[in-house]
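Structure at a glance
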Amino acid sequence: MSGNASGEGCDVNLTPLLDLVLQLIMFFMITVNFVRIDQFDDAIRLPVSTNATPLDNTADEYIFLNLDGEGKLVGSLANFTLDTPGKLRTHLFREKQDIERTASKRGLPGPTKVVVVLRADQNVRYSKVWEVLESCKNATFIHWQLRVMTKAA
Amino acid sequence: MNRPNRHDNREAAGVNLGAIITPMLDMSFQILAFFIMTYHPSGFEGHVNGNLTPPTPRIDDGKTQVDAKLLEEVGPEMDEAVQVVVKTIPRGAIERGRSDGQPSQIYVKKTEDAVLALVGDTDEPLAESLRKLTVRLRSMQQAGPGRGIVRLECRADLKHRYVMEIYDVCKGAGFQNVSFVAPGRSKN
């Protein structure tokens, strides 16, 4: 360890430190994903399925539905009172119309492929999952995804 | 009088631009802390694709339109489907070590069968019931071509995690299409 006997203080070389800090910043900037809270709600524990496929983004638009263990919709939909299948169907139908209207304004050709992504907690009852899917069906959605964990955490 | 050799000190300390980099370093740490806190690894999440059958036709009010092309992607015919029925432990009950929300009896039925065949029950561990179901489904899958469809009928109180476990069993037995059916109306 070098010291300065004359008492002038030691000069610390900050170049490597700054370099490493900027490297780390670049790494996190590249890997950051500013997703909405309803896409990855940590409060929901997804079930495990070994037959799941990796996430893809082939659809034009996604609508995320997060279902907690009690069968309630959480995330961004928690602000709405969607306690009946009819209300959920109406809300989803409006969402779909908004998406299609936006797509037609942008001049996108063909029908817009909208996928409903259902993130249901592993302890929610099957009847609640079915209710949500039924509402999606009645809102004229065709494509849906069930989110699962590919391996246990 | 010897003066300190500023040139030597400059070389020993590295490049000296004469700029104050303390605020820059401080800002860098701030940004780094922000990105560390917002970092969210999600590598383990996957998805299961599905299609919904169109709703019951209603009076055309001129507002609701379903694209005909999208309807072509609706699921296959169910005539040759193998039926898997899963009953569950009622809410609040415990039956031979299995708690509420877990499967109780598991039945399988082929198209030509008149009644459901019991595959798994509560007198054995759940893993054993699932293993028996796997064996039975594999034998059905190998029995004849075209039997690639399973209709999964689960009772309303069955927990979602067990629905996915049985879904895994059906897919693992070689069935390409697993169709979810409305929950049964019986209590369990």
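Quick note: structure is the one above.
Starting from 1, residues in each chain are numbered consecutively following that chain's sequence as written. Throughout, the order in which chains and ligands are written sets their labels, letters from A for the former and numbers from 1 for the latter. Residues qualify for local features only when their pLDDT is at least 70, as the model is predicted, and side-chain atom pairs are given and counted only at 80 or more; totals for whole chains, interfaces and linings, by contrast, use all residues.

Digging into the overall build of chain A
The cut-off we apply is this: Secondary structure elements are taken from DSSP: a helix is a run of H or I of four residues or more, a strand is a run of E of two residues or more, and numbering for both begins at the N terminus. With C-beta atoms placed from the backbone, a residue is buried if 20 or more other C-beta atoms are within 10 Å of its own, exposed if 12 or fewer are, and partly exposed between those counts. By definition, residue pairs are in contact when their C-beta atoms, positioned from the backbone, come within 7 Å.
The helix and strand inventory of chain A stands at 3 helices and 5 strands. Secondary structure elements of chain A occur, N-terminal to C-terminal, as α-β-β-β-α-β-α-β. Considering chain A as a whole, with its 153 residues, one finds that 27% of them fall into the buried category. Contacts spanning at least 24 positions in sequence make up 80% of the contacts within chain A whose residues lie at least 6 apart.

A word on the overall build of chain B
A tally of regular secondary structure across chain B gives 5 helices and 8 strands. When the helices and strands of chain B are placed in sequence order, the string is α-α-β-α-β-β-β-β-β-α-β-α-β. Looking at chain B residue by residue over its 188 residues, the buried ones come to 25%.

With respect to helix 2 (residues 22–38) of chain B
Rule in force here: By this rule the span expected of a helix is its residue count minus one, scaled by 1.5 Å.
In this model, helix 2 of chain B (17 residues) spans 25 Å end to end at C-alpha, consistent with the 24 Å of a helix rising 1.5 Å per residue. Burial within helix 2 of chain B is sparse, with just 0 of its 17 residues counted as buried.

Observations concerning the environment of Val108(B)
Residues and elements named next belong to chain B. Inspection of the secondary structure puts Val108 in strand 5 (residues 103–109). Taking the C-alpha atoms as reference points, Val108 and Ala127, 19 residues apart in sequence, are found 17 Å from one another. Residue contacts for Val108: discarding those within four places in its chain leaves Val82, Val84, Ala117, Val119 and Arg136.

Some thoughts on the pairing of strand 7 (residues 149–154) of chain B
Residues and elements named next belong to chain B. The line we're drawing: Should DSSP find at least two bridges between two strands, the strands are regarded as paired. For a crossover, the right-handed case is the one in which the path from the first strand over the helix to the second runs clockwise, viewed with the strands pointing away from the viewer.
Where burial is concerned, most of strand 7 is hidden: 5 out of the 6 residues are buried. Relative to strand 7, strand 2 (residues 82–88) runs parallel, the two being bridged by 5 bridges. Looking across to strand 7, one finds that Val86 is bridged to Cys154. For the handedness criterion, the β-α-β arrangement of strand 7, helix 5 (residues 160–172) and strand 8 (residues 177–180) is classed as right-handed.

Structural notes on the interface of chain B and chain A
With 46 residues of chain B in contact, the opposing surface of chain A contributes 52 residues. Among the secondary structure elements, those contributing two or more residues to the side of chain B that touches chain A are helix 2, strand 1 (45–51), helix 3 (68–71) and helix 5 of chain B. Here the side of chain B that touches chain A takes 8 residues from helix 2 of chain B, the largest share from any one element. As paired elements, strand 1 (residues 53–54) of chain A and strand 1 of chain B share 2 bridges and run antiparallel to each other. Each residue of the ladder has a partner; that of Pro54(A), found in strand 1 of chain B, is Gly46(B).

Quick notes on the nonpolar core
We count it as follows: Among buried residues, those of type Ala, Val, Leu, Ile, Met, Phe, Trp, Tyr and Cys that are joined through C-beta atoms within 7 Å form a set called a nonpolar core.
If you look at the biggest cluster of nonpolar residues, it comprises 54 residues, and the most contacted ones within it are Cys136(A), Phe141(A), Val84(B), Val150(B), Ile166(B) and Cys170(B). Top contributing element to this core by residue count: helix 5 of chain B, with 7 residues. The residues contacting Cys170(B), other than those within four sequence positions of it, are Val84(B), Leu137(B), Val150(B), Leu152(B), Phe175(B) and Val178(B).

Quick notes on the pairing of strand 5 (residues 143–149) of chain A
When you tally the buried positions in strand 5 of chain A, you get 5 out of 7 residues, the bulk of the element. Once you follow strand 4 (residues 114–120) of chain A into helix 3 (residues 126–138) of chain A and on to strand 5 of chain A, the crossover reads as right-handed. Pairing of strand 5 of chain A with strand 1 of chain B involves 7 bridges; the strand directions are antiparallel. Note that in strand 1 of chain B the partner of Gln145(A) across the bridge is Asn49(B).

Notes on the packing of helix 2 (residues 85–105) of chain A against helix 3 of chain A
Residues and elements named next belong to chain A. We count it as follows: Orientation is described by axes fitted as lines to C-alpha atoms, over the contacting stretch for helices, and by angles from 0 to 180 degrees between their N-to-C directions. When describing relative orientation, an angle under 35 degrees is termed roughly parallel and one over 145 degrees roughly antiparallel, while 65 to 115 degrees is termed roughly perpendicular and anything else oblique. Crossing chirality is assigned from the near helix's rotation relative to the far helix, an anticlockwise turn below a right angle marking it left-handed and a clockwise turn marking it right-handed. Here the term charged refers only to Asp, Glu, Lys and Arg, the term nonpolar to Ala, Val, Leu, Ile, Met, Phe, Trp, Tyr, Cys and Pro, and the term polar to all other amino acids, Gly among them.
Two numbers describe how helix 2 lies on helix 3: the axes approach to 8 Å, and their chain directions differ by 45 degrees. Here helix 2 is positioned oblique relative to helix 3, judged by the angle of their axes. Handedness of the crossing formed by helix 2 with helix 3: right-handed. In contact with Pro85, Leu88, Arg89 and Leu92 of helix 2, helix 3 contributes Glu131, Val132, Glu134, Ser135, Cys136 and Asn138. Partitioning the contact of helix 2 with helix 3 into residue classes produces 5 nonpolar, 2 polar and 3 charged.

Digging into the sheet that holds strand 1 of chain A
Spatially, the 6 strands line up as an open sheet ordered 1(A)-1(B)-5(A)-4(A)-2(A)-3(A), and their pairing is mixed. Because the sheet does not close on itself, it has two edges, and the strands there are strand 1 and strand 3 (73–74) of chain A. Judged from the 7 bridges that link them, strand 2 (residues 61–67) of chain A and strand 4 of chain A form a sheet pairing that is parallel. Pairing of Glu61(A) across the sheet is with Val114(A), part of strand 4 of chain A. Running at roughly 155 degrees to strand 2 of chain A, helix 3 of chain A makes contact with strand 2, strand 4 and strand 5 of chain A of the sheet.

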